[in-house]
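Single-letter residue listing:
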Amino acid sequence: MLRKIKGFTYLKPFTVSEAISLLDEYNGKAKILAGGTDLLIQMKQRTQNPEYVIDIKNIPELGNITYDENEGLSIGPLATYTALASSPVVREKFGLLADAAFAVGSPQIQNRGTVAGNLCNASPSADTAPALIALNAQLKLVSMKGERIVSVEEFFVGPFKTILKDTEILAEILIPNVPLHSGGSYLWLPKIITAVDETLVGVGALITVDDMKNKICTEARIGLGSVAPTPIRAKKAGESLKGKRIENGLFEQAGVIASTEALPRSRAEYRSEMIKVFVKRALNRALERIR
Amino acid sequence: MQKIINVIVNGEFYEVSVKSNMTLLDFLRDKLGLTGTKGGCETGACGACTVLLEGKPVNSCLVFAVEAHGKDILTVEGLAENGQLHPLQEAFVSEGAVQCGYCTPGMLLSAKALLDGNPNPTETEVKEAIAGNLCRCTGYVKIVKAILVAAEKMRRRN
């Protein structure tokens, strides 16, 4: 049920150090506000009732999406789904992430919501998570005590639960460069029976081959969304491809392995079948995109 | 907690004191009396509350009024100019794209944002642009047609 949002003190820091110092001061009583597309709903549902709301949108550098040939891609916590889906460098070099950003919500949500917020909300069906898992993304968490870097699959601990402490901010998403001869894709199966846009099965896949003639897989990473309490990496499915020549039946087998790594709860049988289908399709799409 | 915010709504400057927990939707309707913007699901799913914030469609039910400080907002009331309906509004009337009318303000603003950036959209692009606006009467066919008709009219005029 939705109710009027409880009163709070609105804070507007201008630097990251100011933001983390506020988080530290109001330990547990404050929430970070970026796009607000999840937070406002939770405040209306009264599942979040922060006494302090720290709006980080006045910290301009947090919106940056920057690419460096050696370091890879850096995404600031204010980068919206629209910014990501329309960024030329993201589309060209990390296309599956642009696809995943486009899968979230509606244009209105994409204009406002952020990828970092998608991760911090930690919905099991967060669309950007499987893509970021496939891309081996690392997250920089910053607090007054310092910073730590964790992989995106370590970040989630349960439905809507992460390792982020009340005093920490997700300050940067770091994505390493993908190797030569790699291709990626994000495919998702939407729930079409409800007005609320939610993914029933999401698959992010990144595949690397030695060269385009031989087509021997040297690396493969598969991320799954909406089929376990958190977004997960289908590690065995990815490993099963390594060192093998890509031929008929290989991707199908990877899909079967991936379905054994998932732990779907509701509509488990259907989701398990769909994992097989979507892993195979996602790998095929990734293969087509190898350059 | 009260905060004073400065906003430009439909070209007019406002300086208003608002509570921090007030949404932009409630601000527009209850503080400024601009009731063209509708409240629907209150969770960002239906798009009835769509306004343009800095030219981009957003769900005003998921934005705090205090976040709009220093920003430019366009609501359905700002579409007509000098008593003349916007070409999108004219097309919605001529094509019969309005049934109960509840989704219309949001549809118009999503459509305006599309045409501002893409004056010659395909039917698919129109559908994608209004994907976040639900029509409870399910009258989508005429809405899509009206947007395409308006686009063509605007291209010919320019």
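Quick caveat: nothing in here was measured; it's all calculated off a predicted structure.

Considerations on the overall build of chain B
Here is step 1: If you tally the helices and strands in chain B, you get five helices and five strands.
Here is step 2: Its helices and strands taken in sequence order, chain B reads β-β-α-β-β-β-α-α-α-α from the N to the C terminus.
Here is step 3: For chain B, whose C-alpha radius of gyration is 15 Å, the value lies close to the compact-globule estimate of 15 Å for 158 residues.
Here is step 4: Of all 158 residues assigned to chain B, the portion counted as buried reaches 47%.

Examining the sheet that holds strand 2 (residues 30-33) of chain A
Residues and elements named next belong to chain A.
Here is step 1: Across the sheet, which stays open at both edges, the three strands sit in the order 1-3-2 with parallel pairing between neighbours. Edge positions in the sheet fall to strand 1 (9-11) and strand 2, since each of these pairs with one other strand and no more. On average, adjacent strands in this sheet sit at an angle of 25° to one another, irrespective of strand direction.
Here is step 2: Where strand 2 meets strand 3 (residues 52-55), four bridges bridge the pair, whose relative direction is parallel. Considered in strand 3, the bridge of Lys31 is made with Val53.
Here is step 3: On the sheet, helix 1 (residues 16-25) packs against strand 1, strand 2 and strand 3 and is oriented at approximately 170° with respect to strand 3.

Describing the confidence of the model for chain B
Here is step 1: Looking at chain B as a whole, its pLDDT mean stands at 97, while 100% of the residues score no less than 70.
Here is step 2: Interface confidence for the predicted complex, given as ipTM, is 0.97, next to a pTM of 0.96.

Describing the nonpolar core
Here is step 1: The biggest cluster of nonpolar side chains holds 142 residues, and the ones touching the most others in it are A:Leu97, A:Leu119, A:Ile222 and A:Val279.
Here is step 2: When residues no more than four places from it in sequence are discounted, the contact partners of A:Val279 are A:Val203, A:Ile222, A:Ala237, A:Ala254, A:Gly255 and A:Ala258.

Some points on the interface of chain A and chain B
Here is step 1: The interface is formed by 22 residues belonging to chain A together with 25 residues belonging to chain B.
Here is step 2: Among the elements that line the side of chain A that touches chain B, the one with the most residues is helix 6 (residues 107-112) of chain A, at five residues.
Here is step 3: Split by residue class, the side of chain A that touches chain B holds ten nonpolar, seven polar and five charged.

Topic: the environment of A:Met212
All names here are of chain A.
Here is step 1: Tracing the backbone shows Met212 in the loop between strand 12 (199-209) and strand 13 (217-225).
Here is step 2: Expressed as a C-alpha distance, the spacing of Met212 and Leu141, which sit 71 residues apart in the sequence, is 38 Å.
Here is step 3: Leave out the neighbours within four places in its chain, and Met212 touches His181 and Ile290.

Overview of unusual backbone geometry
Residues and elements named next belong to chain A.
Here is step 1: Phi at His181 takes a positive value of approximately 60°, unusual for a residue other than glycine.
Here is step 2: Relative to the elements of secondary structure, His181 occurs in the loop between strand 10 (169-175) and strand 11 (182-190).
Here is step 3: Classification of His181 by C-beta neighbours within 10 Å gives partly exposed; the count is 17.

Points about the sheet that holds strand 6 (residues 138-143) of chain A
Residues and elements named next belong to chain A.
Here is step 1: One open sheet accounts for five strands, arranged 4-5-10-6-7; its pairing is antiparallel. The sheet is open, and its two borders are formed by strand 4 (65-68) and strand 7 (146-151), each paired with just one other strand. Direction aside, the axes of adjacent strands within the sheet are offset by 20° on average.
Here is step 2: In this sheet, strand 5 (residues 72-75) lies alongside strand 4 in antiparallel orientation, the contact comprising four bridges. Residue pairing across strands places Tyr67 opposite Leu73, the latter belonging to strand 5.

Quick notes on the rules
Residues numbered from 1 in each chain as written. Chains lettered and ligands numbered in written order. Predicted model: local features only at pLDDT ≥ 70, side-chain atom pairs only at ≥ 80, totals over all residues. Helix = DSSP H or I, 4+ residues; strand = E, 2+ residues; numbered from the N terminus. Rg over C-alpha atoms; globule rule 2.2 N^0.38 Å. Buried ≥ 20, exposed ≤ 12 C-beta atoms within 10 Å, placed from the backbone. Pairing = 2+ DSSP bridges. Axes fitted to C-alpha atoms, helices over the stretch in contact; angles between N-to-C directions. Contact = placed C-beta atoms within 7 Å. pLDDT = per-residue confidence, 0-100. Core = buried A, V, L, I, M, F, W, Y, C linked by C-beta atoms within 7 Å. Nonpolar A, V, L, I, M, F, W, Y, C, P; charged D, E, K, R; others polar.

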